[in-house]
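Summary of structural features
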Amino acid sequence: MAKDSYLVGLIGSGIGPSLSPALHEREADRQGLRYLYRLIDIDVLGVPPQAVGDLVRAARDLGFDGLNITHPCKQLVIEHLDALAPRAEALGAVNTVVFEDGRAVGHNTDVTGFAASFARGLPDASLERVVQLGAGGAGAAVAHATLTLGAERVTVVDALEDRAVALAGQLNRHFGAGRAAAGSPDQLAPLISSADGVVHATPTGMAAHPGLPFPAELLRPALWVAEVVYRPLETELVRAARAGGCATLDGGGMAVFQAADAFRLFTGCEPDASLMLADIAGLAGAAESSVGPVR
């Protein structure tokens, strides 16, 4: 028999201002579901990211239906799960855990979320040469999504160069040799100068990490820029890119489409992504006007 009541949560660091609870609960209200979305902030609890396994077990024992997982736990959580969906296994990153018959199963909706947002917001973007900043959990997801969308070559740049090398190797094994490469931060200027577009997948631009991930002088009108940060929707990078004449994609679409996919996994119900897109625009605007840019 179909359920009409759900308890879900989000595990991560510094997630107090997250818009995920409102996004999920508003959609549930439209569908006539009782839906409670709780934040499980490791900073508030005073525990390290490595405690994610204990938190997942506690949520399962307390009767949660599922969890979203965010920075810095998307990769650490994997060893504490009973099974992985194929996409999460290929990525080595999980952002959604569903409890099924006492088992914790990991999924990744960041890939499908970014792909849907990109196809909607930058449908005509050239994907011959793409530079991506960031090789963490979100970076792995958006790189997979970009290659799935048809990118010929993605060059990954990360402050931790070993992490970029590891992700490029993983991408080449999955998509074929030569589809991905690792670049060092000191190569960023020439890489961007010859790229069709840039995907930004680092925390830079969040309220707690203000600034630009690279000099604005590297922006040019022929370049498209896709942002993963959605709190605020208009990061300094998006603002500078728009001012420079670039086609841009803010992080709101990815946030909505990954949330919609997670909602479907938790409930089995089909969400209305178009209404959720309207929700996030209103929620983000209200948050920024009341308390400043949120993280």
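As a reminder, the structure under discussion sits directly above these lines.
Read on for a plain summary of the structure. (Residues numbered from 1 in each chain as written. Predicted model: local features only at pLDDT ≥ 70, side-chain atom pairs only at ≥ 80, totals over all residues. Heavy atoms only, no water.)

As for the pairing of strand β1 (residues 5-12)
Judged by how many residues are buried, β1 sits mostly within the fold: 6 of 8 residues are covered. Across 4 bridges, β1 lies against strand β3 (residues 66-69) in parallel orientation. Its bridge partner being in β3, Leu10 is matched across the sheet by Asn68. (Buried < 20%, exposed > 50% of the residue type's maximum accessible area, 1.4 Å probe, protein only. Helix = DSSP H or I, 4+ residues; strand = E, 2+ residues; numbered from the N terminus. Pairing = 2+ DSSP bridges.)

With respect to the packing of aromatic side chains
The final tally for this structure, using the stated rule, is 4 aromatic pairs. When the ring of Tyr6 is compared with that of Tyr35, the centres are 6.2 Å apart and the planes differ by 45°; the resulting orientation is tilted. On the criterion of sequence distance, the pair formed by Tyr6 in strand β1 and Tyr35 in strand β2 (residues 34-41) is long-range, its members being 29 residues apart. Under the relative-accessibility criterion, Tyr6 is labelled buried at 6%. (Phe/Tyr/Trp six-rings, centres within 6.5 Å; stacked < 30°, edge-to-face > 60°.)

What about the packing of helix α1 (residues 20-30) against helix α10 (residues 252-267)?
Interaxial distance between α1 and α10 falls to 10 Å at its minimum, and their mutual angle equals 55°. In this view, α1 runs oblique relative to α10, as classed from their interaxial angle. With respect to the hand of their crossing, α1 and α10 are arranged in right-handed fashion. Along the contact surface, α1 presents Leu23, His24, Glu27 and Ala28, while α10 presents Ala255, Val256, Ala259, Ala262, Phe263 and Phe266. Counted by class, the contact of α1 with α10 contains 8 nonpolar, 1 polar and 1 charged residues. (Axes fitted to C-alpha atoms, helices over the stretch in contact; angles between N-to-C directions. Parallel < 35°, antiparallel > 145°, perpendicular 65-115°, else oblique. Left-handed = near helix turned anticlockwise from the far one by under 90°. Contact = heavy atoms within 4.5 Å. Nonpolar A, V, L, I, M, F, W, Y, C, P; charged D, E, K, R; others polar.)

A word on helix α3 (residues 52-61)
Turning to α3, its buried residues are Val52, Gly53, Leu55, Val56 and Ala59. Seen along its axis, α3 keeps its buried residues to an arc of 165°; they face one direction. Those residues of α3 hidden inside the fold are in contact with β1, β2, α2 (42-45), β3, β5 (96-100) and β6 (103-107). Where α3 ends, the next residue or the one after it, Gly63, has phi of about 95°, a positive value. (Arc of directions from axis to C-beta.)

Focus on the pattern of salt bridges
Evaluation of the coordinates by the stated rule reveals 13 salt bridges. Where Arg30 meets Asp279, a salt bridge forms, and the shortest distance between an N and an O atom there is 2.8 Å. Taken together, the positions of Arg30 in helix α1 and Asp279 in helix α11 (residues 273-291) put the pair 249 residues apart, joining distant regions of the chain. The exposure class of Arg30 is partly exposed, given its relative accessible area of 37%. Judged by relative accessible area, Asp279 falls into the buried class, the value being 8%. Residue Asp158 pairs with Arg163 through a salt bridge whose shortest N-O separation is 3.1 Å. The exposure class of Asp158 is buried, given its relative accessible area of 6%. The class of Arg163 is partly exposed, set by a relative accessible area of 36%. (Salt bridge = Lys/Arg side-chain N within 4 Å of Asp/Glu carboxyl O.)

Concerning the nonpolar core
By size, the foremost hydrophobic cluster in this structure holds 32 residues, and its most contacted members are Phe114, Phe118, Trp224 and Ala226. Secondary structure elements with two or more residues in this core: α5 (110-121), α6 (137-148), β8 (153-157), α7 (161-175) and β11 (224-227). With 7 residues, α6 is the largest single contributor of residues to this core. Excluding anything up to four places from it in sequence, Ala226 contacts Phe114, Phe118, Leu122, Val198, Val199, His200 and Leu249. Grouped together as the second largest cluster of nonpolar side chains are 18 residues, Ile42, Leu55, Val56 and Phe64 included. (Core = buried A, V, L, I, M, F, W, Y, C linked by side-chain atoms within 4.5 Å.)

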